[in-house]
Amino acid sequence: MADLFGVALRGTGSALPDRVVPNAEFTDRYRLDTSDEWIRTRTGIRERRFVGPGESAASLATAAGCRALAAAGVAPDDLD
């Protein structure tokens, strides 16, 4: 019979881009014929997050991973 390995979720982490784009900025920039209220009532979206200079999926994943390790009380060198 095969050996079974246990898995435990010990910590989680998340990261968001710094740049917050509210509906008003979004509609003004792209000259959309809509409003913040129209978007909110139909989609529930109040704002978006856009990556800025120096941010990427990799940098956000790194930040989230570091937070998960800290939450778990695990040092990076302890991972295999």
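Nothing here was measured: the structure is a model prediction, and the numbers come from that model.

Moving on to the overall build of the protein. The secondary structure content of the protein amounts to 3 helices and 2 strands. Listed N to C, the secondary structure of the protein is β-α-α-β-α in terms of helices and strands. The globule rule puts the C-alpha radius of gyration for 80 residues at 12 Å, and the 20 Å found for the protein is more than 25% above it. Viewed in the frame of its principal axes, the protein has a C-alpha envelope of about 65 × 30 × 20 Å. Buried positions account for 16% of the 80 residues belonging to the protein.

Take threonine 62: it is sitting in helix α3 (residues 57–72). Between the C-alpha atoms of threonine 62 and glutamate 47, which are 15 residues apart in sequence, the distance is 24 Å. Engagement of the side chain of threonine 62 in a polar contact is seen with the backbone oxygen of alanine 58, the distance being 2.9 Å.

This prediction gives the protein a mean pLDDT of 92; 99% of its residues lie at or above 70. Per-element confidence in the protein is highest for α3, whose mean pLDDT is 97, and lowest for helix α1 (residues 23–29), whose mean pLDDT is 89.

Turning our eyes to something else, we now look at α3. Taking 1.5 Å of rise per residue, 16 residues should cover 22 Å, and α3 covers 22 Å from first to last C-alpha, within 8% of that figure. Looking only at α3, the buried set comprises Leu60, Ala64, Ala68, Leu69 and Ala72. At the exit of α3 stands glycine 73, carrying a positive phi of roughly 70°.

All chains considered together, the criterion is met by 3 salt bridges. Residues arginine 19 and glutamate 25 are paired through a salt bridge, measuring 3.4 Å at the closest nitrogen-oxygen approach. Taking relative accessible area as the criterion, arginine 19 reaches 30% and is therefore assigned partly exposed. Between arginine 29 and glutamate 25 there is a salt bridge, with the nearest N and O atoms lying 3.5 Å from each other.

The final tally for this structure, using the stated rule, is 1 aromatic pair. Taken together, a centroid distance of 5.4 Å and an interplanar angle of 65° make the contact between phenylalanine 26 and tyrosine 30 edge-to-face. Over the aromatic face of phenylalanine 26 sits the side chain of arginine 48, whose NZ or CZ is 4.1 Å from the ring centroid.

About the cut-offs
- Residues numbered from 1 in each chain as written.
- Predicted model: local features only at pLDDT ≥ 70, side-chain atom pairs only at ≥ 80, totals over all residues.
- Heavy atoms only, no water.
- Helix = DSSP H or I, 4+ residues; strand = E, 2+ residues; numbered from the N terminus.
- Rg over C-alpha atoms; globule rule 2.2 N^0.38 Å.
- Buried < 20%, exposed > 50% of the residue type's maximum accessible area, 1.4 Å probe, protein only.
- Polar contact = N/O pair within 3.5 Å; in protein donor to acceptor, adjacent residues only side chain to side chain.
- pLDDT = per-residue confidence, 0-100.
- Expected span 1.5 Å × (residues − 1).
- Salt bridge = Lys/Arg side-chain N within 4 Å of Asp/Glu carboxyl O.
- Phe/Tyr/Trp six-rings, centres within 6.5 Å; stacked < 30°, edge-to-face > 60°.
- Lys NZ or Arg CZ within 6 Å of the ring centre and 35° of its normal.

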